[in-house]
Amino acid sequence: MSYATTAAAVCAPPHPVVPIAVAPAARRPREDRGSWLRFSPAQPLFRARAAQRLAVLAYHGVTDPRSFGAQLDRLRRLATPVSVQDVERAVTEGRPLPPRSVLVTFDDPDRTVLRHALPELVARRIPAAAFVIAELVGTERPFWWHEAAFLARNGGRARLLPSGGDPDRVLALLKALPDPDRRRSLAELRVSALRRPPAQEQLRPEDLRALLEADVAVGNHTLGHPSLRRCDEATVHAEIAGAHRVLTRWLGEAPTAFAYPDGGFDERADSVLRQLGYRLGFLSDHRLGPRLPAHPLRISRLQVDSTTSTRRFDTILSGLEPAVQRLLGAQA
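Conventions adopted
Position numbers for residues count from 1 along each chain, tracking the sequence in the order it is written. Two thresholds apply to this predicted model, a pLDDT of at least 70 for residue-level local features and 80 or more for giving and counting side-chain atom pairs, whereas whole-chain, interface and lining totals are computed over all residues. Only hydrogens and water are set aside; all other atoms, that is, all heavy atoms of the structure, feed into the side-chain values. Only protein chains enter the calculation, and the probe is 1.4 Å; a residue is then buried if its accessible area is under 20% of its type maximum, exposed if over 50%, and partly exposed in between. For helices the rule is a DSSP run of H or I covering at least 4 residues; for strands it is a run of E covering at least 2, with both sets numbered from the N terminus onward. This arc is built from the directions going out from the helix axis to the C-beta atoms. Note on contacts: a residue pair qualifies if any of its non-hydrogen atoms lie within 4.5 Å across the two residues. Pairs of N or O atoms are called polar contacts if they sit within 3.5 Å, as long as, within protein, a hydrogen donor faces a hydrogen acceptor (for residues adjacent in sequence, only side-chain-to-side-chain pairs). Between the N-to-C directions of two axes lies an angle of 0 to 180 degrees, each axis being a line fitted to C-alpha atoms and, for a helix, fitted only over the stretch in contact. By the definition adopted for this analysis, an angle is roughly parallel if under 35 degrees, roughly antiparallel if over 145, roughly perpendicular if from 65 to 115, and oblique otherwise. Left-handed describes a crossing in which the near helix is turned anticlockwise from the far one by less than a right angle; the clockwise case is right-handed. The nonpolar class holds Ala, Val, Leu, Ile, Met, Phe, Trp, Tyr, Cys and Pro. Asp, Glu, Lys and Arg form the charged class, and all remaining residues, Gly among them, are polar. By nonpolar core we mean a set of buried residues, namely Ala, Val, Leu, Ile, Met, Phe, Trp, Tyr and Cys, connected to one another through side-chain atoms within 4.5 Å.

Visitor: Hey, could you run me through helix α8 (residues 167-176) in this one?
Guide: Along an α-helix, residues three or four positions apart point the same way, because every turn accommodates 3.6 residues. Considered for burial, the residues of α8 that qualify are Pro167, Val170, Leu171 and Leu174. Projected down its long axis, α8 shows its buried positions confined to an angular sector of 100°, all on one face. For α8, the secondary structure elements touched by its buried residues are α7 (144-153) and α9 (179-192). Here α8 starts with a cap whose side-chain oxygen sits 3.1 Å from the backbone nitrogen of Asp168, and that cap is Asp166.

Visitor: Help me understand the packing of α7 against α8, please; the structure alone is not making it clear to me.
Guide: Packed helices, taken two at a time, are described by the angle between their axes plus the distance between the axes. Interhelical geometry of α7 versus α8 gives an angle of 130° and a closest axis separation of 9 Å. The orientation of α7 with respect to α8, classified from their angle, is oblique. Considering only the axes of α7 and α8, their crossing is right-handed. Only Pro167, Val170, Leu171, Leu174 and Lys175 of α8 make contact with α7, whose side of the interface consists of Trp144, Trp145, Ala148, Ala149, Ala152 and Arg153. For the contact of α7 with α8, the residue count by class is nine nonpolar, no polar and two charged.

Visitor: In this structure, what is going on with the packing of helix α10 (residues 205-213) against helix α11 (residues 233-251)? I would like to understand it.
Guide: Closest axis-to-axis distance for the α10/α11 pair is 9 Å, and the angle between their directions is 70°. As the angle between them shows, α10 and α11 are arranged roughly perpendicular. Along its contact with α10, which presents Pro205, Leu208, Arg209 and Leu212, the element α11 presents Leu247, Trp250 and Leu251. Partitioned by chemical class, the residues of the contact of α10 with α11 number six nonpolar, no polar and one charged.

Visitor: What's the story with the nonpolar core in this structure? I'm lost.
Guide: As a rule of thumb, soluble globular proteins bury nonpolar side chains together. Judged by nonpolar contacts, the single largest core of 39 residues is most densely connected at Leu57, Leu75, Phe106, Leu208 and Leu211. Setting aside residues up to four positions removed in sequence, Leu75 forms contacts with Leu57, Thr80, Pro81, Val102, Val104, Phe313 and Leu317. Leu136, Phe150, Ala158 and Leu161 belong to the second largest nonpolar core, which has 19 residues in total.

Structural measurements only, silent on function.
Okay, structure coming up:
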């Protein structure tokens, strides 16, 4: 019997955990599911299995440093925090990482990672990795998806996008467009919108060096965070190699880890990364991986947030909640 099947057999919450007196509009189904899954009889089984797997946690910003600190405390008690260098060494030597190994990573790190996450990590001596969008470093430009949503809400129009469209739908369509069309549509949104988005102070080169000195590896997340699968081969190379050059200049050393900006593996990107000497590449597939990665340039990661409750955090770390999500997605 597979672990997904085991999860399916117990995915209904036990009767005593039925929530009461909660307004439907205030419920958060995913958080509720993660909370009661902790009491599932499958959780010990998944936790035992997870002890022999590598959990790579993928955060973005840290909006709740207190909750994030509580999550790190649980990692200290329940897991073995490891660094990018530890994972690289395991791959090079062919030796699996210790049981219950966990690597903390951040995609698109904004200044909350420096202000809120770094002190919590340093206080507990937990290493991490931050994958930066190189062309935003040292600027006050918002992430392009935040900018697009703002422009759509403020009258922005583009020929390939629905007028007056819901920002979520606009973003979904932009991500699905070939990269030249995405960039062109963004330019049209900027010209037509009634208001400009507020500035967003990004990390500076000296901040990247501060992260590095605090045992937070700085990795490549491309120049501008396109969906690589929507780019032509020349753009894939330019996005990765361009970011590699500027990060090497800022850090004084070449980055050796990469995170796919769209979360999915791309063969052309794999080829570029190998040419540039990258040792690790990270996906966003909400899965655990082996303690000795069989494919170092396509390592699985679990999606988590600083506001995630400790109950749900445990079920993500064990792999139970991701297994149930995959099961429900397959049934949808």
